[in-house]
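Coordinate inspection notes
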Amino acid sequence: MITSFLKAQQHLVLCLGLLFVHCRTWSPEVLMATIEKFIKDIHPSETKWRVKVIVLEKGMPKTARNVAKRYQNLLLSDSQKTQIQATIYDDDIEKFQNTLTVHGCYYISNAYVKFTKLQYQVLGIPYEWVINSRSTLVEMCQRKISQCQLQ
């Protein structure tokens, strides 16, 4: 009985800690200044947006052929099942190494939206998101994809 009570207290402290991190990362000013949208609504000229996504795939970091630049590709999906490729470059790969996990649910905002050359387009979408040190990511749940709702 005492053990389950202590576990419940630890869970509450963990939840409160996550809520505190959530509130510090997404202040009321930021929440009011951003509009929740879907992937299909985000274009290079969009500002002040956030999208709730699930990470479907996370590739291994690779080195570009022509330049000494490292990159890591991700495939993201929203509740409308629209998908987009996101890329992380160089030092930002380590920064987000433990943050963006496959099947993890996140609010993403302030990613750089750029047009993609035809030969690099994935899913027929002419642009991709670049997640960098200016991007804001907030993990929404730590459950499996079947339990995570993107509504």
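Residues numbered from 1 in each chain as written. Predicted model: local features only at pLDDT ≥ 70, side-chain atom pairs only at ≥ 80, totals over all residues. Heavy atoms only, no water.

1. So, the nonpolar core
Among the nonpolar cores identified, the biggest contains 23 residues, and Leu-76, Leu-100, Ile-108, Trp-129 and Ile-131 are the most heavily contacted of them. Taken together, the elements giving at least two residues each to this core come down to strand E2 (49–58), strand E4 (70–77), strand E5 (83–89), strand E6 (105–109) and strand E8 (127–131). Among the elements that take part in this core, E2 stands out by supplying 4 residues, more than any other. In contact with Ile-108, not counting residues within four places along its chain, are Trp-49, Arg-50, Val-51, Val-53, Leu-76, Trp-129, Ile-131, Thr-136 and Leu-137. (Core = buried A, V, L, I, M, F, W, Y, C linked by side-chain atoms within 4.5 Å. Buried < 20%, exposed > 50% of the residue type's maximum accessible area, 1.4 Å probe, protein only. Helix = DSSP H or I, 4+ residues; strand = E, 2+ residues; numbered from the N terminus. Contact = heavy atoms within 4.5 Å.)

2. Considerations on empty space enclosed by the protein
Using the criterion set out here, one finds 1 cavity of 30 Å³ or more in the structure. What lines the largest cavity is simply Ile-84, Gln-85, Thr-116, Tyr-120, Gln-121, Val-122, Ile-125, Tyr-127 and Glu-128. Elements supplying a minimum of two residues to the lining of the largest cavity: E5 and E8. Its residues assigned to classes, the lining of the largest cavity comprises 5 nonpolar, 3 polar and 1 charged. (1 Å grid on protein atoms, 1.4 Å probe; cavity = no way out; pocket = protein on both sides within 12 Å on 5 of 7 lines; lining within 4 Å. Points joined across faces, edges and corners; volume = space filled by probe spheres on them. Nonpolar A, V, L, I, M, F, W, Y, C, P; charged D, E, K, R; others polar.)

3. Notes on the packing of aromatic side chains
Any pair of aromatic rings gets described here by the distance separating the centres and the angle formed by the planes. Tallied over the entire structure, the rule returns 2 aromatic pairs. Centroid distance Trp-49 to Trp-129: 5.0 Å. Interplanar angle 40°. Geometry classified as tilted. Taken as a pair, Trp-49 in strand E2 and Trp-129 in strand E8 lie far apart in primary sequence, 80 residues in all. Across this residue pair, the class does not change: Trp-49 and Trp-129 are buried. Aromatic side chains Phe-115 and Tyr-127 sit 6.5 Å apart centroid to centroid with 85° between the ring planes, which places their arrangement in the edge-to-face category. Of the two residues, Phe-115 sits in strand E7 (residues 112–115) while Tyr-127 sits in strand E8, which places them 12 residues apart along the sequence. Assessed through its relative accessible area of 10%, Tyr-127 is described here as buried. Positioned above the aromatic ring of Tyr-107, the side-chain terminus of Arg-50 is 5.1 Å from the ring centre. The ring of Tyr-89 is capped by Lys-69, whose NZ or CZ atom sits 5.1 Å from the centre of that ring. (Phe/Tyr/Trp six-rings, centres within 6.5 Å; stacked < 30°, edge-to-face > 60°. Lys NZ or Arg CZ within 6 Å of the ring centre and 35° of its normal.)

4. Observations regarding the pattern of salt bridges
Across all of its chains, the model carries 5 salt bridges by this definition. Residues Arg-50 and Glu-36 are paired through a salt bridge, measuring 3.7 Å at the closest nitrogen-oxygen approach. Linking Arg-50 in strand E2 with Glu-36 in strand E1 (residues 35–37), this pair joins segments that are 14 residues apart in sequence. With a relative accessible area of 38%, Glu-36 lands in the partly exposed category. With its nearest N and O atoms 3.9 Å apart, the salt bridge here joins Glu-128 to Lys-114. With Glu-128 in strand E8 and Lys-114 in strand E7, the pair connects residues that are 14 residues apart, well separated along the chain. Taking relative accessible area as the criterion, Lys-114 reaches 26% and is therefore assigned partly exposed. (Salt bridge = Lys/Arg side-chain N within 4 Å of Asp/Glu carboxyl O.)

5. Here we look at the confidence of the model for the protein
Within the protein, residue pLDDT values average 77, and 71% of them lie at 70 or more. The model gives residues 1–25 a pLDDT under 50, and that stretch makes 6 contacts with residues more than four places away or in other chains. Between residues 143–147, whose pLDDT stays under 50, and residues either more than four places distant or in other chains, the model counts 4 contacts. (pLDDT = per-residue confidence, 0-100.)

6. Regarding unusual backbone geometry
You will see that Lys-48, though not glycine, has its phi angle at about 55°, which is positive. Here Lys-48 shows up in the loop between E1 and E2. Judged by relative accessible area, which is 56%, Lys-48 ranks as exposed. Of note, Asn-110 is a non-glycine position whose phi angle comes to about 60°, a positive value.

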